[in-house]
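Structural features, examined
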Amino acid sequence: MALDRSDVQNIADLARLAISDENLDKYRTELSSILDLVEQMNAVNTDDVQPLAHPLDAVQRLRADVVTEENQREKYMDNAPAKEAGLFLVPKVVE
Amino acid sequence: MSQTAFHNLTLTEISKGLEAGDFTSVEITQHFLDRIQSLDTGDNGYNSFITISAEQALADAKAADERRAAGNATQWTGVPFAHKDIFCTDGVLTTCGSKMLGNFIPPYDATVVENFKAQGAVCLGKTNMDEFAMGSSNESSFFGAVKNPWNLETIPGGSSGGSAAAVAARLVPAATGTDTGGSIRQPAALCGLTGLKPTYGRCSRWGMIAYASSLDQAGPMARNAEDAAMMLNVMASFDTKDSTSVDQPVPDYTTTLNESLAGKVIGLPKEFFPESLDGEMAAKMREAIAEFEKLGCTVKEISLPSTQLAIPAYYVVAPAECSANLSRMDGVRFGHRCEDPKDVEDLYKRSRGEGFGDEVKRRIMIGTYALSTGFYDAYYVKAQKIRRLIKDDFVKAFEEVDMIMGPVTPSPAFKMGEKSGDPVEMYMEDIFTIAINLAGLPGMSVPAGQIKGLPVGLQMIGNYWSEALMLNMAHQFQQVTDHHLAAPQGI
């Protein structure tokens, strides 16, 4: 699968990754060769095979709806790059 | 006992020495810390640690000695070890080898970390690793490559390369690792260690920074099987905080190490011994397997025909899951944030663009593409179907054999920089390890000698929940061989 520059730009946008213009070609070549590797999967017919989501085919456990953790708002926010009055700060979203 | 011998003691010997009162935890902890300081840091150091927790370790050692004096010590109380920097440690920097988490101080402990703390074990620091555990050479770490103590110009393997190098250089007696596609077994093999990736669900993933959630599993990296058993005893637990943790009783893995191997059947998959396999590697494997035959095992040729599909399927499943897992690194709640974002879009894109390294970006983009509208069935669903085929191969094989064996890697450690120019060539390094993660099976690397002075590993692949048998077989092998005793020159 050969990607072109606009494909790579589109993928980077979807992934919210800033990629410099001069790196687009490098990623285009590398991603294309990884996709070539991946496409070796097509050598085998899997029409009647059930996809495997969990190696042990486990299902989600349920638990009682009770409080198990205490809120430690300040501790949890210690890593925030920008905060004010117990809130995370981001650039203005709504005018 | 003279202090110079401390670092040559195994984990088990240290535990026994503490119990016998031969030395204190403070003494032995100080010895290892001094050794790390002199051999690991600076331009000529191995660079196997990202964080050295000297103060905390000495305080923990003192507390451990007091606990022992009070009469309630366990096998682990006061025993030094290290954690891969992927495990969240309350109040201690946890970077996952990334600039993105270069300033991240977790507000909680991973369950595996908690398990060690409850026993009074002494963590000396956090070991270097490929960024977000994506790599097979430890060259993708933001904190610099790690040197293989066996030859400083070669890579130690990855992603648990820091743990492997630290144990091989006797900077710690053992360390934790994680394995998504070979990240415990491959560095263990290349550094001459005994490393075990348990059955998926054996060790809790809570607080272990996720790469590919359906494949990630924690496990021990140690100098021999006996020490790996002691590690797994504390690492393995059922944990309600990890929804994929499996509620299976944890046996005492140290009590079955001496069982007889008579009558055990070893399967040798022909796909693990292709014509193209390096002759010296094939010879090492044959020598190792002959030892198992002497111990009473029989050998049978088997086939795992879907093995060749493992790498293609892995490079869909793992990147897809990583693109989802790493989406939370957005510069808002923790981690790297770009300067002066002009809007939210710019904040996300530049924080992530600056915070992630090349290999992580490649995998995020492959995953994003594979999960995008119109491609989901062709890539992700197809890969999950292949995963079923790979698992079915193993299930069928285990109807007739007790253990599967083959090489861990195609060759010994390669030179730094040798494969970093071509991602696909690097991915081939994991050709023998990846299928095991896709199937969720346990896999182990056991030292099998050296090729041109560099260690190689024999891989044992067990059935689900057969960790006790794997450790038993490895231990018996190590009673009749001395590959695991070999140390890098000058150590």
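Values in this document were obtained by computation on a predicted structure and should not be read as measured data. (Residues numbered from 1 in each chain as written. Chains lettered and ligands numbered in written order. Predicted model: local features only at pLDDT ≥ 70, side-chain atom pairs only at ≥ 80, totals over all residues.)

So, about the overall build of chain B. Along the backbone of chain B there are 15 helices and 11 strands. In terms of overall size, chain B behaves like a compact globule, its C-alpha atoms giving a radius of gyration of 21 Å where 491 residues would be expected to give roughly 23 Å. Summarising its shape, the C-alpha atoms of chain B cover approximately 65 × 55 × 45 Å along the three principal directions. The burial tally for chain B puts 60% of its 491 residues in the buried class. Put simply, 75% of the contacts in chain B that link residues at least 6 apart link residues at least 24 apart. (Helix = DSSP H or I, 4+ residues; strand = E, 2+ residues; numbered from the N terminus. Rg over C-alpha atoms; globule rule 2.2 N^0.38 Å. Buried ≥ 20, exposed ≤ 12 C-beta atoms within 10 Å, placed from the backbone. Contact = placed C-beta atoms within 7 Å.)

Another aspect to go through is the overall build of chain A. When you go through chain A residue by residue, the secondary structure sums to 3 helices and 2 strands. The order of helices and strands in chain A, counted from the N terminus, is α-α-α-β-β. Its C-alpha radius of gyration of 22 Å places chain A more than 25% over the 12 Å reference for a compact globule of 95 residues. Viewed in the frame of its principal axes, chain A has a C-alpha envelope of about 55 × 45 × 25 Å. Here chain A holds 95 residues, and 15% of them are scored as buried.

Let us now look at the interface of chain A and chain B. On the side of chain B, 57 residues touch chain A, which itself brings 43 residues to the contact. Within the residue set of the side of chain A that touches chain B, elements represented by two or more residues are helix H1 (5-14), helix H2 (24-38) and helix H3 (73-77) of chain A. Tallied by class, residues from the side of chain A that touches chain B come to 29 nonpolar, 8 polar and 6 charged. (Nonpolar A, V, L, I, M, F, W, Y, C, P; charged D, E, K, R; others polar.)

It helps to recall that an α-helix has 3.6 residues per turn; residues three or four apart then point in one direction. Relative to the 22 Å expected for 16 residues at 1.5 Å per residue, helix H9 (residues 310-325) of chain B spans 22 Å between its end C-alpha atoms, a close match to the ideal helical length. Of all the 16 residues making up H9 of chain B, 14 are buried; the element is thus mostly covered by neighbouring parts of the structure. (Expected span 1.5 Å × (residues − 1).)

Let us look at the packing of H1 of chain A against H2 of chain A. Packed helices, taken two at a time, are described by their axes: the angle between them and the distance between them. Residue and element names in this part refer to chain A. At a closest axis distance of 9 Å, the pairing of H1 and H2 adopts a crossing angle of 95 degrees. By the angle between their axes, H1 is roughly perpendicular relative to H2. Contacts between H1 and H2 involve Arg5, Val8 and Gln9 from the former and Leu24, Asp25, Tyr27, Arg28 and Leu31 from the latter. In terms of residue class, the contact of H1 with H2 is made up of 4 nonpolar, 1 polar and 3 charged. (Axes fitted to C-alpha atoms, helices over the stretch in contact; angles between N-to-C directions. Parallel < 35°, antiparallel > 145°, perpendicular 65-115°, else oblique.)

This part covers the pairing of strand E2 (residues 80-84) of chain B. Residue and element names in this part refer to chain B. The element E2 is extensively covered by neighbouring structure, given that 5 of its 5 residues are classed as buried. Sheet analysis places E2 next to strand E3 (residues 122-127), joined by 4 bridges and oriented parallel. Residue pairing for E3: Pro80 is matched across the bridge by Val122. Since E2 and E3 lie parallel, the crossover through helix H4 (residues 111-119) that links them has a hand, and here it is right-handed. (Pairing = 2+ DSSP bridges. Right-handed = clockwise from strand over helix to strand, strands pointing away.)

Mean pLDDT over chain B works out to 96, with 99% of the residues at or above the 70 mark. Across the whole predicted complex the pTM is 0.97, and at the interface the ipTM reaches 0.96. (pLDDT = per-residue confidence, 0-100.)

To continue, consider unusual backbone geometry. Residues and elements named next belong to chain B. A cis amide bond, omega 10 degrees, links Gly158 with the succeeding residue Ser159. Structurally, Ser159 is set in the loop between E3 and helix H5 (161-168). Residue Asn47 is not a glycine yet carries a positive backbone phi of 65 degrees. Here the phi dihedral of Ala133 falls at roughly 70 degrees; this positive angle occurs in a residue that is not glycine. If you trace the backbone, Ala133 turns up in the loop between E3 and H5. You can call Ala133 buried: it has 30 C-beta atoms within 10 Å.

Residue and element names in this part refer to chain B. In this fold, Phe81 is placed in strand E2. Along the backbone, Phe81 and Thr10 are 71 residues apart, and their C-alpha atoms lie at a distance of 11 Å. In this view, Phe81 contacts Ala121, Cys123, Val172, Pro173, Ala174 and Ala175; residues no more than four positions away in its chain are not counted.

Next up on the list: the pairing of strand E6 (residues 217-222) of chain B. Residue and element names in this part refer to chain B. The buried fraction of E6 amounts to 6 of the 6 residues, a majority that puts the element mostly inside the structure. When strand E5 (residues 194-197) meets E6, the two strands line up antiparallel, connected through 2 bridges. What sits directly across from Thr194, in E6, is Ala222.

Right, let's get into H4 of chain B. Residue and element names in this part refer to chain B. Along H4, the residues that are buried comprise Thr111, Val112, Val113, Asn115 and Phe116. Check the buried side of H4 and you find it contacts E2, E3, strand E4 (174-179), E6 and helix H7 (225-235). Downstream of H4 by one or two residues, Gly120 has phi in the positive range, about 80 degrees.

Assignment of secondary structure puts Cys88 of chain B in the loop between E2 and H4. For Cys88 of chain B, the contacting residues outside a window of four places in its chain are Thr94, Pro106, Tyr108, Asp109, Ala110, Val113, Gly207 and Ile209 of chain B.

A few words on the environment of Asp109 of chain B. Residues and elements named next belong to chain B. Assignment of secondary structure puts Asp109 in the loop between E2 and H4. On the neighbour-count criterion, Asp109 (19 C-beta atoms within 10 Å) is partly exposed. In this structure, the C-alpha to C-alpha distance between Asp109 and Glu291, residues 182 residues apart in sequence, is 42 Å. Excluding anything up to four places from it in sequence, Asp109 contacts Cys88, Thr89, Asp90, Glu114, Lys117 and Gly207.

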